[in-house]
Amino acid sequence: MLGPMQAELARADTRPPVFERAGSTPRSRIRYAAPAALDPELTLKATAPRTPRALITRERLSLDAPLLVDRHALLVQAPAGYGKTSLLTQWRRQALQRGAVVVWLSLDEADGPQRFVQGLRTALAVGGGGALESRVGELASGTQQAMDGPTNWLARVALLSSEVLLMLDNVHLAPEAAARDYLRYLVLNAPANLSLVLASQVPLPGFVSYAAGDGGLAVVTARDLLFSRAEVAQVLRRRLGKRVEPVHGLRAFELTGGWPLGVQMIGSAALDSADIEQVLERAHQGFGGFDQYLQRFVLGELPQEDVDFLIRVSDPPLLNGELCAAITGRPDSPAVLNRLVDMAPLFDPLVSGGWVRLHSLARGHLRRRADMELDESERTRLHLRAAKWFAARDMAEHAVEHALAARQHELAYDLAQKSLPVIWGRGDFDRALRWVDAIPESELLARPSLAVTAASVLANSARHEAKRERLVRGLLRRPGAEPALRREAAAVLLRAATCRDDGAAVSRLVGEWEGEFGKGCIALDLFLTFARSLMSLYAGQVELSRHVWTLLKVPRGHPDTTLASFFRRASEGDSFQWDANPGEAVAILEPLLGELESALGRRSTFATAVAALLAAARWHRGERAQAHELLADRLDVLERVQMFRPVILGFGTAARLAVAEGDEARALGLLQRLCFLGELQDVPRYVVESLVEQIRFHSHARRAAACADLLARLEQVCASPAVQAHAWGSGYRGVVLCLARAYTALAAKDHEAALPHVEAGLPAAAALRLGRQRLMFQLLRALAKYRTGRPGAEQDLHEAASFAAAYGLDAILQDTHPDLRNLMPAALEPAAPSPGEPPQPRPEPGAAPAFRVIETQLLTPREREVLRCLALGLPNKRIAASLGLGDETVKWHVKNLLSKLGGANRKHVLDRARQIGVLVSGGPDEAGARPA
């Protein structure tokens, strides 16, 4: 059984332990004879820690997860503060539920070879709930051969009838001999009934390369241990109860980056407060117990010399040994930094190339202490050293802020001139705006290339229009302004006009500058393309709006490469949304959002803009939970974004979500806020879209007078000179006016009056390829025909429903009118199965399920939920929407159900669930009920 261990087993003492049987007691309940007295210290080391109060089961890291299943050895390798012991506790609980014997041993510096083996034998006795080892003290006098001890122990494990899980915590503390030789020996020679879990704060590269040879070792790293957004919310709910809302989990994730220790700190602080919002805000500012927690439980455990070191190197976001040596003047800085990374739960080790970073909460605390404890001259000196170190290594973008803080203005401005185009080109708008705000206009204009980039940055901000205009005018007034400079200035003007929907200015600038396309100014080419794409979209030429992007050529390595990719992909995703194809929009926008969040942060300007587009697509697909998460804690950022499509779609989707949750007051407040932003920023389209949406909401509630007042205001706005000058937007205005007039008539129950507006809007929407609005007009026409007794209502209803089902527009009935639900209940049935998926039985509308899913350890809670959805006849897409999961996650759970229940397909798995008593006839699911 032990392979190369046969010779060792021949010498091993494999006499079975003495035990007594009681009747037909199962082997897992064997009562062993009492052992010799156990070493109290070893007994404590062999006692597993208490399960944390807020422990959650992390399904993606369960023993059944794809990463870990069928592995006989697991190594959890991460610094302190990442929840290694909590994960081991989860696995221990899972193993115990399966009937395994779990053997726990915490290692330390005293665990040489002999004591290590003694610890193993003590742990086996403690973990078995009795004396699985009858001669624990036998090895105290030593062994004849080096490996006799572990060989004997492995042989005893092999004789047990139960599965055994050996969990070794703090492996990094064990002496090298034990870790290098004994651990490898145990992994390589483990019998079939033994699995091992090891936890270490430091990498064990030699052990991993040696032990992973047969593919039986899986390594869980710090990156794997970071909490996801959903897990952060789950931890807080477990600790704080129902007062935790989704936005709280998102904000906590933003503050901590999923760092388990940071999440624990927020949960601890919130226990003593009734206001979670206040706790999160104070965490962001470093108040409310966070500084005290770090000082008492983390920094208080370090020597003062190390704390002083951390305070002095806390300002740079990234650190390495050489930089720390330059800042502090200490030659031993590399060794100090490496030691602190290993022992202090303050660092994020996920940065490559020898760099590390302090976690945001820890860095904020240390920076505040630097402001309080270091005098101004020392802080200036530290910044200057950092600026010079970065500048000497051609890392200008890292040097700028240090030079500004050190009041080395000329150095800072020269460095900014070199690096601002780089950070702006990759989309780091918030950082670029911070630099531009810090540099006086006179200094910007003294450096034309810097002024051009600064003006381009300001073109994306709703709060800096005046400063942007001054910069552009100043550049164009320069004596003998070069053609290249004029092209750059034109690109800034075109970008600003396009993003704020100034149609007249866009038309004029495109006419003036389209002849310069392809003549070397990438910024001008980019925003000419963006403007042409948008103009094509509003003309209903959807394919052309995508095609124009193929004409844009950006040289490899150009600073605007990332910016061009962002605008191209965002425009392409939005074009599919315009054309009522939210599935394609999601496929394009979701990976783009992931890239932006990873590079720039969740609340960055560009990530927020894409999130707003994606949230609208998710809403139209009926994926309410995902849309809500995308917009949570982002609307304040969206207000500052100077990109009209994301702002309109973001606020509109947030309002629909509020209505769906029964909070109509909040929905109307959001739409009124959008209207106010339009008036404040002089963007009439915000006002138009807000008024149309308000009319739709009031029409659903039959508020005829409110609709009439809003319609009069809308018609006044659309007749204004500023809106009329927007020539390429006239067709779209006609569509929304028809929609608003139809809804106003429906609010007054005047279906005859609604029909002419619907009949006029339907072909106009079709001509502009406004797929969603076309469906809404078709559904409203069916409603009006039905109410007036005209023929054709049923045909319109079913044609619209068929189109909606084909493109995944699951929210179209809810968005169009509540009366449609009563006219066509069939449209509310689950969507048809995917190709290749067998048809599923559909429940009768309103009928309660005639079954319940029994709680059983065979299935995880999530698998039981998926099984219930399968029994309801829901396809994967509907299951994902109802449970707030991704499509791939649902497929994985279904695969697990097929495997665990022995089903060949979905119908068979339901039959198997009924046969074994997991799915039974009756009412709702009953927690705690188990099959006989």
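Throughout what follows, the structure given in this document is the object of discussion.

Rules behind the numbers
Residues numbered from 1 in each chain as written. Predicted model: local features only at pLDDT ≥ 70, side-chain atom pairs only at ≥ 80, totals over all residues. Heavy atoms only, no water. Helix = DSSP H or I, 4+ residues; strand = E, 2+ residues; numbered from the N terminus. Buried < 20%, exposed > 50% of the residue type's maximum accessible area, 1.4 Å probe, protein only. Contact = heavy atoms within 4.5 Å. Areas by Shrake-Rupley, 256 points an atom, 1.4 Å probe, with all protein chains shown as cover. Pairing = 2+ DSSP bridges. Axes fitted to C-alpha atoms, helices over the stretch in contact; angles between N-to-C directions. Salt bridge = Lys/Arg side-chain N within 4 Å of Asp/Glu carboxyl O. Core = buried A, V, L, I, M, F, W, Y, C linked by side-chain atoms within 4.5 Å. Expected span 1.5 Å × (residues − 1). Lys, Arg positive; Asp, Glu negative; His and termini not counted. Phe/Tyr/Trp six-rings, centres within 6.5 Å; stacked < 30°, edge-to-face > 60°.

1. Let's talk about the overall build of the protein
When helices and strands are tallied, the protein shows 48 helices and 11 strands. Taken over 932 residues, the protein has a buried fraction of 53%. If you take every contact in the protein between residues at least 6 apart in sequence, the share linking residues at least 24 apart comes to 69%. Accessible area of the protein: about 39400 Å², with a carbon and sulfur share of 52%.

2. Here we look at the sheet that holds strand 4 (residues 101-106)
Ordered in space as 4-5-6-3-7, the five strands form an open sheet in which the pairing is parallel. Edge positions in the sheet fall to strand 4 and strand 7 (217-221), since each of these pairs with one other strand and no more. Recorded for the sheet is a direction-independent mean angle of 15° between the axes of neighbouring strands. Taken together, the six bridges between strand 4 and strand 5 (residues 164-169) define a ladder with parallel strand orientation. Directly across from Val101, in strand 5, lies its bridge partner Val164. Against the sheet, helix 3 (residues 84-97) makes contact with strand 3 (73-77), strand 4, strand 5, strand 6 (194-200) and strand 7, and its axis sits at roughly 170° relative to strand 5, the strand it touches most.

3. Quick look at the pattern of salt bridges
As enumerated under the stated definition, the model contains 59 salt bridges in all. Arg713 serves as the salt-bridge partner of Glu679, at 2.8 Å between the closest nitrogen and oxygen. Taken together, the positions of Glu679 in helix 35 (residues 664-681) and Arg713 in helix 37 (residues 704-718) put the pair 34 residues apart, joining distant regions of the chain. Looking at Arg713, the relative accessible area reads 33%, which means it is partly exposed.

4. A word on the nonpolar core
In terms of nonpolar packing, the biggest core is built from 212 residues, with Trp91, Leu346, Phe347 and Leu714 touching the most fellow members. If we skip the residues at most four places from it in the chain, Trp91 touches Leu61, Ser62, Leu63, Leu68, Leu74, Val76, Leu165, Met167, Val197 and Val220. Of all hydrophobic cores here, the second largest spans 33 residues; its members include Ala73, Phe116, Leu186 and Ala190.

5. With respect to the pairing of strand 6
Counted residue by residue, strand 6 has six buried out of seven residues, so it is predominantly covered. Strand direction decides the pairing type here: strand 3 and strand 6, joined by five bridges, are parallel. Residue pairing across strands places Gln77 opposite Ser200, the latter belonging to strand 6.

6. What about unusual backbone geometry?
The phi angle at Ala580 is positive, at roughly 60°, despite the residue not being glycine. Assignment of secondary structure puts Ala580 in the loop between helix 29 (561-578) and helix 30 (582-600).

7. Considering helix 30
The α-helix winds at 3.6 residues per turn, so residues separated by three or four positions along the chain end up facing the same way. In a regular helix each residue adds 1.5 Å, so 19 residues correspond to 27 Å; helix 30 covers 25 Å between its end C-alpha atoms and thus fits that length. What helix 30 keeps buried is the set Pro582, Ala585, Val586, Ile588, Leu589, Leu592, Leu593, Leu596, Glu597 and Leu600. Looking at the packing, one finds that the buried side of helix 30 touches helix 9 (229-240), helix 29, helix 31 (605-620), helix 32 (624-631) and helix 42 (793-807). Residue Gly601 follows helix 30 closely and has a positive phi angle near 105°.

8. Considering the side chain of Arg546
Here Arg546 is to be found in helix 28 (residues 542-547). Put simply, Arg546 is tucked away with no salt bridge, and the nearest opposite charge, on Asp579, sits 4.4 Å away.

9. Quick word on the pairing of strand 5
Every other side chain in a regular strand lies on the same face of the sheet, so the side chains alternate between the two faces. Within strand 5, six of the six residues are buried, leaving the element largely enclosed by the surrounding structure. Side chains of strand 5 alternate between two faces, with Val164, Leu166 and Leu168 and Leu165, Met167 and Asp169 buried alike. Note that strand 5 and strand 6 share five bridges and pair parallel. Each bridged residue has a counterpart across the sheet, and for Val164 the counterpart in strand 6 is Leu194.

10. Some points on the packing of aromatic side chains
Enumeration over the complete set of coordinates arrives at 11 aromatic pairs. A ring pair is formed by Phe527 and Phe567, whose centres lie 5.4 Å apart and whose planes are at 85°; its orientation type is edge-to-face. With Phe527 in helix 27 (residues 522-538) and Phe567 in helix 29, the pair connects residues that are 40 residues apart, well separated along the chain. Aromatic rings pair up to connect Phe527, Phe530, Phe566, Phe567 and Phe606 into one cluster.

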